[in-house]
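# Summary of the model geometry
Listed below, chain by chain, are the residues.
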Amino acid sequence: MSPTALVLADPRSPLGIRATLEALGAAEVLLAHHGGGKLVLGLLGHSLGALRETAAGWGADEVLLLDDARLAVFQAETYAWAAETIVKRLSSPTVVVLPGSTLGRELVGRLSARLRGGGTSEALELDLEDTGGIRVRRPLFGGKASETVSLPAPAVVSLRANAFAPPEPPRPSRVVPVLLPDPGAGSAGAHLLERLPVPVSDTPPLTQAPVVVSGGRGLHGPENWPLLEDLARALGAGLGASRAVVDAGWRPASEQVGQTGSSVSPQLYVAVGISGAIQHLVGMSSSRCIVAINTDPSAPIFKVADYGIVGDALVLLPPLTEAVRRVRAGVVP
Amino acid sequence: MPISFDLTPEQRELQGLASKFAREEMTPRAAECDRTGRFPEEVYRRAWELGLMNLNVPAEYGGSGLPLLDQCLITEELASACGGMTTSILANCLALQPINLGGSPEQRERFLKPFCSEYRLASFALTEPGGGSDAGALKTRAIREGDSYLLTGQKCFITNAPQASLYTVFATVDPEKKHAGITAFVVPRETPGVSLGREEDKLGQRASSTATVTLERARVPLQNRLGGEGEGFKLAMATLDSTRTPIGALAVGIARAALEHASRYALQRSSFGVPIAQHQAIATKLGTMVQELEASRLLTWLSAWMVDQGKRATLESSVAKCYASDSAMHICDEAIQIFGGYGYMRDYPVEKLLRDAKLCQIYEGANEIQRLVIAREYLRRFS
Amino acid sequence: MEAVVCIKPVPEADSRLRVAPSGATYDPEGLRYTLNSTYDEAAVEEALRLREAGAIEKVHVVSLGPARAEEGVRYALAMGADDGLLLETGPGDAFDPGATANLLAGAIQTGPHDLVLVGRRAGDDETGMVGSALGEHLGIPSFAFVTGISVEGPSGSLRLRRFTEAGEEVLSVSLPVVVSLLKGAQDPRTPTLPNILKARRKPLVHQPLSEVLARLPAPPVRSLPVRFDLPAPRTGARLVEYQNPSEAAEKLVRLLREEAKVL
Ligand SMILES: Cc1cc2nc3c(=O)[nH]c(=O)nc-3n(C[C@H](O)[C@H](O)[C@H](O)COP(=O)(O)OP(=O)(O)OC[C@H]3O[C@@H](n4cnc5c(N)ncnc54)[C@H](O)[C@@H]3O)c2cc1C
Ligand SMILES: Cc1cc2nc3c(=O)[nH]c(=O)nc-3n(C[C@H](O)[C@H](O)[C@H](O)COP(=O)(O)OP(=O)(O)OC[C@H]3O[C@@H](n4cnc5c(N)ncnc54)[C@H](O)[C@@H]3O)c2cc1C
């Protein structure tokens with residue numbers, strides 16, 4: 001029997017929708033690798049309005065629509081119950097793929113417990129097993145390592161944000177309204193009292209920042225730092241510097257990375273116009289992914305970097321910032 | 001009890017507390033205080049809040065009354081972050097120990113309790129400009145006048161003197177009697193006649209403060225005399241017997257930091273195409289440093305254990321202090337060598353360690369004196 | 001009202017990891033474990049502050065792990081928790097977060113648990129699943145990504161603030177409830193030395209796992225570890241080839257997103 005993949009949507013925010021599209025993309029590829037199957041999107045909520053039509057264009061074979069007052073506020077308990085209601089309708093084997101947004105990341109524990117199947121989060125790669133379970137590769141230890149686990153069916157996974165591409169090209173789906181049984185699950189639960197606006201985040205402190213963007217003498221002067229700051233802002237990154245620029249008085253000592261400065265170990269370290277002296281490297285070489293931009297192809301920084309662009313930083317930074325902005329609408333913690 | 005080198009869960013927790021404190025409070029300030037000589041009062045205050053000061057004060061007076069071995073575990077952790085700060089933190093133990101050992105219950109109540117109920121510093125004042133090693137020959141006079149003594153003399157190199165609220169002072173009631181004239185007193189800082197010299201500018205351990213205390217007919221009531229007249233020398237020696245071992249642990253902490261820095265550096269730095277750790281000349285240096293460090297730590301543990309068992313540990317504590325501090329000097333020296341030119345730079349942490357370690361060979365009984373003590377103690381077994 | 005805080009011992013953040021001989025997990029040999037530091041410490045601190053504010057009477061701490069997990073529980077006791085329970089795993093016992101939640105629930109449900117607190121995620125496997133799975137096994141509501149808890153509103157309820165991508169939400173929730181903290185109380189207290197010594201006298205029960213397992217209606221579902229990978233040593237940067245700067249930027253961003261998965 002060909003498998004069914006159920007994706008639950010997180011339509012609450014643009015980031016949630018992007019994560020939903022990524023989940024659809026991941027589920028589609030997963031099914032395709034296994035000779036196809038049915039891709040179902042569960043759209044849960046209340047007074048969904050125009051979203052019904054929009055979601056029909058996201059690329060699922062079928063959209064199951066659960067528009068119910070009890071789903072007005074996202075609560076793992078009621079959403080897991082509603083999801084279970086859907087799973088029961090679908091022909092097994094079913095895998096549930098959840099978006100890498102807060103909704104998916106919260107729901108995965110509850111739903112897998114409810115379905116008495118395997119579950120895990122932050123998936124980087126998925127593969128369907130013949131048993132109906134899924135094999136998942138996921139990062140751990142802050143990205144310093146990865147593990148592959150095999151989840152027994154019915155498996156529920158939530159994805160790592162930005163790890164999968166949306167389905168291409170999206171095709172229209174059939175929309176099927178689903179009614180939830182009465183009475184509902186569990187307690188009357190929560191009341192939403194207030195919703196606060198999304199805060200604007202400052203750049204995080206250097207040693208805790210998940211991304212660090214550092215500049216060296218190759219930036220040719222403090223007047224060029226706004227270019228680097230723009231990139232840092234787009235990446236939600238902390239700002240670092242080589243000692244040469246700190247000594248030159250271009251940047252404060254608190255930004256120095258290296259032997260006599262801070263040691264950092266972010267997910268992504270971008271070294272711009274930094275040669276890669278050993279004293280600098282010891283402070284950043286344990287970063288998970290290192291990018292270097294330097295005019296000199298023989299600069300030692302390229303030996304420890306994962307990716308490099310040989311070229312003039314002053315010319316490369318603005319389009320890079322632009323490109324980053326396009327793919328990153330915001331940061332999910 | 002059979003010998004065990006397993007720490008108890010409780011000891012590991014205390015170690016964990018000290019290491020967290022060292023990492024969070026001491027390390028970030030170590031280089032700055034070394035450069036400027038600033039006395040980081042906020043660090044000492046926090047150490048007090050966490051209960052890391054006055055480790056030797058018994059629980060009945062509000063202290064934690066820790067066994068010496070536990071004190072050593074804590075000391076090593078602290079010293080791995082900054083030797084100078086550790087000296088200032090330990091100074092209270094040294095200053096209060098004569099009261100612990102020689103004070104009457106009333107004196108202990110009166111003097112020890114305030115240190116546990118609020119942050120205060122005390123200093124141990126034995127050394128004099130005329131001589132430190134020959135403590136029996138000290139010159140500070142204590143002249144009885146009715147119900148009090150008038151103290152006159154100078155005490156030099158006194159740790160925490162500028163900030164201390166109380167000094168334990170050793171003075172003689174009769175220089176003719178040499179050791180037998182020495183008497184211990186508790187002298188509050190505000191006593192008229194007590195004044196301070198300028199703070200010393202030191203080679204190392206610059207986060208601790210050191211100054212001369214001058215006593216000019218300072219009147220001290222009889223109730224502040226610890227023990228009887230002439231019992232001071234024994235008291236000073238008994239005090240040092242129990243505080244010598246933590247100095248060994250302090251040296252171990254400094255040496256450990258040097259060895260760790262050197263090991264990491266030797267793996268990172270390359271010459272002739274390989275990490276320098278792969279050159280045998282560097283590897284054998286590290287091999288020796290590890291041996292010295294391990295031996296130093298075991299000697300301090302042994303000495304502390306003996307003290308905790310109530311055994312006489314004059315020889316062992318001298319061996320621990322002397323060996324650990326000599327080893328620390330050697331280890332720091334080699335660490336600088338492994339760092340090459342960088343090791344000689346103030347920007348790198350190892351040269352500070354060498355300067356800090358040096359003091360461990362000098363204070364609380366210079367190592368020459370320790371060797372004399374060790375030999376004397378050992379020879380007793382043959383006579 | 002009584003709170004239960006679940007804590008987990010994890011290898012220290014700067015641990016040097018090695019692959020276990022099986023190839024499926026990491027090798028615990030020689031690693032130093034700490035209380036799942038920042039996240040769980042913040043959860044314990046949050047509970048203690050609620051107790052100090054008079055909102056709850058007792059703070060219980062539960063951990064599932066090998067005997068050495070006792071240190072983490074002791075740490076929480078030294079911070080101020082009232083008592084501890086260690087569900088002691090044997091050598092070779094490995095439980096994924098789902099199974100862990102199942103077992104923790106088996107132990108928690110035997111005592112008062114008006115508020116169950118868990119940290120944001122474990123510092124090792126980082127699934128962040130335990131809180132909501134616990135809620136399911138206990139049959140009570142659960143809320144994750146919570147940034148603040150206060151005692152306001154009708155009795156038998158709590159006020160939570162939680163993070164969502166659309167902004168923070170303030171919710172009134174009824175008890176009992178499981179809360180996964182995105183960020184707990186700031187600056188969790190460091191246990192003082194006297195409190196460490198005092199904590200030795202607080203009750204800490206070791207419960208063999210077999211007792212909990214016997215109580216569960218069905219054995220926990222477990223995922224199977226297949227392999228554990230450490231990043232390959234770096235061999236030099238992959239240089240982006242390009243005709244013009246925009247192309248270089250686009251290509252790099254695509255690599256970071258799709259290959260390195262860091263964007
Ligand atoms: C005791 C000691 C301690 C030290 N501690 C540290 C430390 O903690 N941290 C640290 O960083 N350094 C430290 N150093 C200094 C270190 O040795 C280097 O001198 C320093 O890192 C070099 O900084 P840099 O890469 O910015 O400058 P440079 O080495 O001058 O490199 C500039 C780079 O920019 C490139 N470039 C030029 N123009 C452009 C352009 N238009 N676009 C892109 N790239 C361009 C060049 O090709 C070159 O590779 C220490 C040195 C000593 C002696
Ligand atoms: C930073 C610092 C902090 C200190 N803190 C305190 C404190 O808080 N309280 C306090 O009371 N003291 C303190 N001291 C003093 C310290 O204990 C003395 O410096 C030490 O005991 C040595 O005394 P001295 O300096 O007078 O040297 P001296 O006794 O003059 O010795 C000079 C040299 O001769 C050697 N020597 C002396 N006699 C003999 C002998 N018989 N055989 C062989 N060699 C010998 C010594 O080992 C030394 O190498 C401190 C010292 C320093 C530097």
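What you see is a predicted model; the values in this text were computed from it and never measured. Throughout, a residue's number is its position along its own chain's written sequence, starting from 1. Chains and ligands are labelled sequentially in the order written, the chains with letters from A and the ligands with numbers from 1. The model is predicted, so local features are restricted to residues of pLDDT at least 70 and side-chain atom pairs to those at 80 or more, both for listing and for counting; the totals for chains, interfaces and linings are taken over all residues. Side-chain numbers here rest on the full set of heavy atoms in the structure, without hydrogens or water.

### Overview of the overall build of chain A
Helix and strand assignments come from DSSP, with helices taken as H or I runs of at least 4 residues and strands as E runs of at least 2, each series counted from the N terminus. Within chain A, the regular secondary structure consists of nine helices and 16 strands. Considered along the principal axes of its C-alpha atoms, chain A spans approximately 70 × 45 × 35 Å. When a residue's accessible area, from a 1.4 Å probe over protein chains only, is under 20% of the maximum for its type it is buried; when over 50% it is exposed; and in between it is partly exposed. Looking at the 333 residues of chain A, the share that counts as buried comes to 59%. The criterion used for residue contact is that any of the two residues' heavy atoms lie within 4.5 Å. At a minimum sequence separation of 6, the contacts of chain A that also span at least 24 residues come to 62%. The Shrake-Rupley method, run with a 1.4 Å probe, gives the accessible areas here. Residue values count only the displayed protein chains as cover. Of the roughly 12500 Å² of accessible surface on chain A, 55% is carried by carbon and sulfur atoms.

### Describing the interface of chain B and chain C
Contacts between the two partners involve 16 residues from chain B and, on the opposite side, 13 residues from chain C. Interface of chain B and chain C: buried area, both sides summed, is about 1300 Å²; carbon and sulfur atoms make up 61% of it. A per-residue breakdown of the area chain B buries against chain C is headed by B:E10, B:E13 and B:K20, which together make up 41% of the total. Take a side-chain nitrogen of Lys or Arg and a carboxyl oxygen of Asp or Glu: if they are within 4 Å of each other, that pair is a salt bridge. At the surface where chain B touches chain C, the tally comes to three salt bridges. Two residues, C:R200 and B:E10, come together in a salt bridge whose shortest N-O distance is 3.9 Å. Throughout this description, a polar contact denotes any pair of N or O atoms lying within 3.5 Å of each other; where both atoms belong to protein, one of them has to be capable of donating a hydrogen while the other can accept it, and for residues adjacent in sequence the pair is counted only when both atoms sit in side chains. Put simply, chain B and chain C have four residue pairs in polar contact (both at pLDDT 80 or more) between them. Buried surface area refers to the total accessible area, computed with a probe of radius 1.4 Å, that the two partners give up upon joining, counted for both partners together.

### Some remarks on the interface of chain C and chain A
Across the contact, 80 residues belong to chain C and 92 residues belong to chain A. Where chain C abuts chain A, roughly 7000 Å² becomes buried across the two surfaces, and 57% of that area is made up of carbon and sulfur atoms. Our count for the chain C to chain A interface comes out at six salt bridges. If you list the elements that add at least two residues to the side of chain C that touches chain A, you get α4 (130-138), β7 (142-150), β8 (157-162), β9 (169-174), β12 (224-229), β13 (238-239) and α7 (245-259) of chain C.

### Here's the deal with the pattern of salt bridges
Taken as a whole, this structure holds 69 salt bridges over all chains when the rule is applied. Put simply, A:R243 and A:D247 hold a salt bridge, and the shortest N to O gap is 3.1 Å. Here A:D247 and A:R243 lie together in helix α6 (residues 243-247), a separation of four residues that amounts to about one turn. Given the relative accessible area of 34%, A:R243 is considered partly exposed. Each of A:E77, A:E84, A:K88, A:R110, A:R114 and C:E136 takes part in salt bridges that share partners, so that together they form one network.

### Here's the deal with the site of ligand 1
Residue and element names in this part refer to chain A. Whether a residue is near a molecule or strand depends on its heavy atoms: if one lies within 4 Å, it is near. The full set close to ligand 1 counts 27 residues, and S242, Q256, T260, S275 and N294 are the nearest of them. Between G218 and ligand 1, the recorded distance is 3.3 Å, taken from a backbone N or O atom to a nitrogen atom. Here an oxygen atom of ligand 1 and a side-chain polar atom of Q256 are 2.7 Å apart. Coverage of ligand 1 by the protein chains reaches 81% of its 980 Å² of free accessible surface. Mapped by element, the contributors of at least two residues to the shell around ligand 1 are α6 and α7 (278-281). Gly falls in the polar group here, along with every residue not listed as nonpolar (Ala, Val, Leu, Ile, Met, Phe, Trp, Tyr, Cys, Pro) or charged (Asp, Glu, Lys, Arg). Grouping the amino acids of the shell around ligand 1 by side-chain chemistry returns seven nonpolar, 16 polar and four charged.

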